[in-house]
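Survey of secondary and tertiary structure
The chain contents come next:
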Amino acid sequence: MTPFSYERASDAGSAVARVTANPRAAFLGGGTNLVDHMRLGVAHPELLVDVTRLPFSRIESLSDGRIRIGAGVRNSDLAADRIIRGRYRVLSQALLAGASGQLRNLATTGGNLLQRTRCAYFQDVTTPCNKRNPGSGCSAVEGHNRDHAILGASEHCVAVHPSDMAVALAALDATVVVLGPQGERRIPVVDFHRLPEDAPERDTVLEHGELIVAVELPALPVAAHSVYYKVRDRASYAFALVSVAAALEVSNGRVRDVRIAFGGIAHKPWRALRAEASLRGAPATEESYGRAAEAELADAKPLKHNGFKIPLARNTLRMVLRHLTPGAQR
Amino acid sequence: MIDMLETRAIGASLERMDGKLKVMGTAPYAFEHRLERPAYLHPVQATIARGRIRKIDTAAAESVEGVIAVITHETAARLASDENKELWVLQSDEVHFRGQFVAAVIAETPESARHAADLVRVEYQPAPHDVSFRADRKDLYAPKAVNAGYPTDTDHGDAETAFEAAEVKVDSTYTTPMEHNSPMEPHTTVALWEPPKLTLFDSTQSVHSVRATVAKTLGLEVEQVRVVSPYVGGGFGSKGEPHAHNILAALAALRAPGLAVKLALTRQQMFCLAGYRTPTIQRFRLGATRDGRLTSIIHDVVELTSRFREFAEQTAVPTRLMYASPNRRTRHRLAALDLPKPSWMRAPGETPGMFAGEVAMDELAVACGLDPVELRVRNEPECDPESGKRWGNRHLVECLREGARRFDWSRRDPKPRQRAEGHWLVGTGVASSTYPRYVLMGSRATIRVGEDGRYTVLIGAADLGTGTWTALAQIAADALECPVEAVGLEIGDTDLPNATVAGGSSGISSWGWAIVAAARELRRLHGSRPPMGAEASAQTPKPADDDKLAQHSFGAQFAEVRVNAETGEVRLSRMLGVFSAGRIINPRLARSQFIGGMTMGLSMALHEESVVEERFGHVVNHDFAGYHIACNADVANLDAVWLDEVDDRSTPMGSRGIGEIGIVGAAAAIANAVYHATGRRVRDLPITPDKLMT
């Protein structure tokens, strides 16, 4: 661990200014990922600006039906919130599927979005990794890649994004509100995380110094009928092999509205627009669900150890949609 | 005949005597002893798997504020004995495995030690390494013997010919992965050199063997070394012998006299420096008559050892005693690789060996159309099949029948893939368990008479969290014919009389017998009311009948799993173990041990796997995010019971040892249940969703 200095931000503007001014400064939220990386030598900030005391810890209902979640809201609090549990069930379930109780008590909404990949090579400074050390090569492409991406990867990086929360937010058309030196900007969650392409060191479209201040959820009636299913190697406290966030509204036997995102299969939460397009207006049947899954996974490219994720993603999506279909056996 | 102890305290479900201290956080683990002038040690590890160190640049590390010293193979004190190559630490430029210690930083804070360690620059001359574990390697070899002194190979009758001629055959290959013990408390040594005395605060299963080994390695007299380890946060075999970190801490202490140099391995470091269970590739062949009588058993094991020091797991040993067959053959072959040395992990040998053997028996039951409990009963041997010795107390059949009754086994439809709840397929499986009864020679107990009928009982035993503090007090109370409250026990210190290792499920049997012998000696010397200040000592006696008897514990495990037909997720819904392990000293603690072993078996069945990276030579998933161990949510309705039994051929307490048998057979019972649920036979552990995906 490299020595660093620590400051507690008094207001958002000065926090942004402090970090913007120093290319080796970083914001500190719950620290559940960043502090690990500092210990492992993956991250070497020389200045940490603690933003957990900033006034971003509220969940507010806006007049137009939207919900504004402060970036500092802890994962546990967000999962337990009455409105989230009622109107955005998939989000509450996704949060509770992530990490452990202790970690959720510390981890923040903004920090959860900024989690870095758990690729073992990324976290081990003795092995090459383009994300940690651009140009050094990707160890996972030819290495142990059971946990890695089947969609949207590049020759430079096959890592997956680890968040559960972000998968639900992607399905819910959420927006990230960011404060930078030039003021606020709003980024849809689906555009917030990047695919690796030839710059896997950049997980998101954030510029250095930009601070997430909130996440906004649209009023989305279909979200009340939603679910998050996470397939993992044990019953709790493991990253997803594949996860599905889905919301479904069926009327007269046909799909009226649908939202789907996958976790565990790509460098970003994977909004399944092709599957959604194939489903809208289609009969709410097993056949349609299978076709939607095939449409989304048509471009999937397995690596040596993760080919199972293709049938797993297909089956999980079908299972989730079946579960959300009215009259289905639970 | 053993002179049996009359029991009153033995058999009582006392709470752990150390429970309150642990809950309050005041029981000192190795790192936590309050010591003046602490210093902190952080190692530098090799980033190549084989080769030589060309140059080490420590200048940047030494300039870090708070750094006291950096030690390397060029500057560390010279060791006296290289008999154990694992402990030949910082003595040469050779690198035998990735992660090996190549330097270490002593500093005033843990942070500065770690930071400085990152700044040590090591240049290597790498050599080609080979960590590829395969059964088709041309260089597999037969060790002289396998661990615990068992023969490498055995042959009885003509197993090949009998197998070829058999009416029903099973010929399957089973693989178990490398697994890491992963106790909650990391391997920790705090070393203090106050010439001529070296004190080690350690986390170990045997203070005395750490003392003997460290003294010999350093060239000190045994009396110069003291090892203290009153509480241990789990070991599972990985703390059964000293490892390189013990020596590294001692070398650092020699470099910084008067400072208490603290070393706790990080979780990542434990994946290359604290031992592991070898992976195995096991071909198992069973030949039988149509009605399920075994005519041939052939068990061929391939496993690995480090190239620099041999470790030969006794994987096929349980196959030599489980079932009757006129023809039998067992083999062990080793691949010597550029990896850290494998080491002891709970029920070494039995655990992987019984996975293969007990799944093979399930396959045979299916092939014969027989109930798997009945198949095992039909092949019950009258005496130990290979030695011909009489059984001490073999109650496998009773365990199977009792388990079947409690688990409602008779209602089971033997056909696979018959039950489902929604998309969850449900199935049940059974497997046998066994573990040898060991009593080790060399423990000694001293008893002193105090005021008001109180006694002090001294023995350097270890409590790994298992309950030694409590169980030994119960044994002492009965041996001294006094209440448990009148016994003051002292353990975990080499200043106390010698104790053998807490390993091989031998601890309570060996130490307890020494205490019983010392109490009897006290009475012989001082009568039934010994005066204050009286004292007596005795050693564990050599059991008279041991050469004539085959003494083993047995058990039967029943598991019910649910398998998600869509996702391949496997969840254990119910599990029962029935054990025959002699008299149970303390039911509360014993239940915890049995259930703990079964949970570890569940973890082996479904979760645990250390993935070796062939290009780099290390374990890729070297943390708890990557190396999965069963968590609370995985452990459902899990129960353990035991036969009401007093083994008067084993120890004066009637006990046989319980630390390991719970894990043996557990993975097989679960794998057999997965087959019953899904119709798919997974022979490669762990059974993760990808292996059940279609």
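Rules behind the numbers
Residues numbered from 1 in each chain as written. Chains lettered and ligands numbered in written order. Predicted model: local features only at pLDDT ≥ 70, side-chain atom pairs only at ≥ 80, totals over all residues. Helix = DSSP H or I, 4+ residues; strand = E, 2+ residues; numbered from the N terminus. Rg over C-alpha atoms; globule rule 2.2 N^0.38 Å. Buried ≥ 20, exposed ≤ 12 C-beta atoms within 10 Å, placed from the backbone. Contact = placed C-beta atoms within 7 Å. Nonpolar A, V, L, I, M, F, W, Y, C, P; charged D, E, K, R; others polar. Domains from an automatic or database assignment. Axes fitted to C-alpha atoms, helices over the stretch in contact; angles between N-to-C directions. Parallel < 35°, antiparallel > 145°, perpendicular 65-115°, else oblique. Left-handed = near helix turned anticlockwise from the far one by under 90°. Pairing = 2+ DSSP bridges.

The helix and strand inventory of chain A stands at 12 helices and 12 strands. The C-alpha atoms of chain A give a radius of gyration of 20 Å, which matches the 20 Å a tight globule of 330 residues would have. Seen through its principal axes, chain A has C-alpha atoms that stretch 60 × 50 × 35 Å. For chain A, the residues scored as buried account for 55% of the 330 residues in total.

This part is about the overall build of chain B. For chain B, the helix and strand inventory stands at 14 helices and 28 strands. Taking 2.2 N^0.38 as the reference for a compact globule, 694 residues should give roughly 26 Å; the C-alpha atoms of chain B span a radius of gyration of 26 Å, in line with that estimate. For chain B, the C-alpha atoms occupy an extent of roughly 75 × 70 × 50 Å along the three principal directions. For chain B, with 694 residues in total, the buried portion stands at 60%. Put simply, of all contacts in chain B between residues at least 6 apart along the chain, 82% involve residues at least 24 apart.

Let's shift gears to the interface of chain A and chain B. Every contact between the two is made by 26 residues of chain A and, on the other side, 30 residues of chain B. Counting residues per element, the side of chain A that touches chain B draws most heavily on helix H12 (residues 309-324) of chain A, at five residues. Considered class by class, the residues forming the side of chain A that touches chain B number 13 nonpolar, 10 polar and three charged.

A few words on the domain arrangement of chain B. Residues and elements named next belong to chain B. In terms of domain boundaries, chain B breaks down into domain 1 (30-128 + 182-273), domain 2 (145-179 + 277-437 + 548-692) and domain 3 (440-539). Tallying the contact residues gives 19 residues for domain 1 and 16 residues for domain 3. Those elements that place two or more of their residues in the side of domain 1 that touches domain 3 are helix H5 (207-218) and strand S13 (225-228). Here the side of domain 1 that touches domain 3 is built from residues that sort into six nonpolar, 11 polar and two charged.

A few words on the domain arrangement of chain A. We note that the domain assignment places domain 1 (5-50) and domain 2 (225-324) within chain A. For domain 1 of chain A and domain 2 of chain A, the distance between their C-alpha centres works out to 36 Å.

It is worth spelling out the packing of H5(B) against helix H6 (residues 244-255) of chain B at this point. All names here are of chain B. For the pair H5 and H6, the least separation of the axes is 11 Å and the interaxial angle reads 55°. Relative to H6, H5 is oriented oblique. The two elements H5 and H6 meet at a crossing, and its hand is right-handed. For the pair H5 and H6, the contacting residues are Val210, Val214, Thr217 and Leu218 in the first and Asn246, Ile247 and Ala250 in the second.

Residues and elements named next belong to chain A. Strand order in the open sheet formed by four strands is S9-S10-S11-S12, with antiparallel pairing between adjacent strands. The open sheet terminates on both sides in strands that have one partner only, identified here as strand S9 (226-231) and strand S12 (270-271). The sheet contact formed by strand S11 (residues 254-263) and S12 spans two bridges and is antiparallel. Counted as the bridge partner of Phe262 is Trp270 from S12. On the sheet, helix H5 (residues 89-97) packs against S9 and strand S10 (242-251) and is oriented at approximately 25° with respect to S9. This element, H12, spans S9, S10 and S11 of the sheet and lies at about 35° to S10.

All names here are of chain A. Pairing geometry for strand S4 (residues 59-61) and strand S5 (residues 67-70), over three bridges, is antiparallel. Bridge pairing in S5 places Ile59 opposite Ile69. Between the end of S4 and the start of S5, which pair antiparallel, lie five residues, with Gly65 showing a positive phi angle near 95°. The pairing of S5 with strand S8 (residues 211-217) spans four bridges and is classified as antiparallel. Note that in S8 the partner of Ile67 across the bridge is Leu217.

Residues and elements named next belong to chain A. For the pair helix H11 (residues 286-297) and H12, the least separation of the axes is 9 Å and the interaxial angle reads 140°. Between H11 and H12 lies a crossing of right-handed hand. For the pair H11 and H12, contact is made by Glu286, Tyr289, Gly290, Ala293 and Leu297 and by Ile310, Ala313, Arg314, Leu317, Arg318, Leu321 and Arg322, respectively. Looking at the contact of H11 with H12, its residues break down into seven nonpolar, one polar and four charged.

Here the bond from B:Pro195 into B:Pro196 is cis, since omega is 5°, no more than 30 degrees from zero. Relative to the assigned elements, B:Pro196 resides in the loop between strand S11 (188-194) and strand S12 (197-202). For the peptide bond that leads from B:Leu685 to B:Pro686, omega is -10°, which places it in the cis range. Turning to its location among the elements, B:Pro686 is positioned in the segment after helix H14 (666-678). In the Ramachandran plot, A:Tyr237 falls in the positive-phi region, its phi being about 55° despite a non-glycine side chain. Within the fold, A:Tyr237 resides in the loop between S9 and S10. Judged by the 20 C-beta atoms lying within 10 Å of it, A:Tyr237 falls in the buried class. With a phi close to 50°, B:Ser505 is a non-glycine residue in the positive phi region. As for its position among the elements, B:Ser505 is in the loop between strand S23 (487-490) and helix H12 (507-526).

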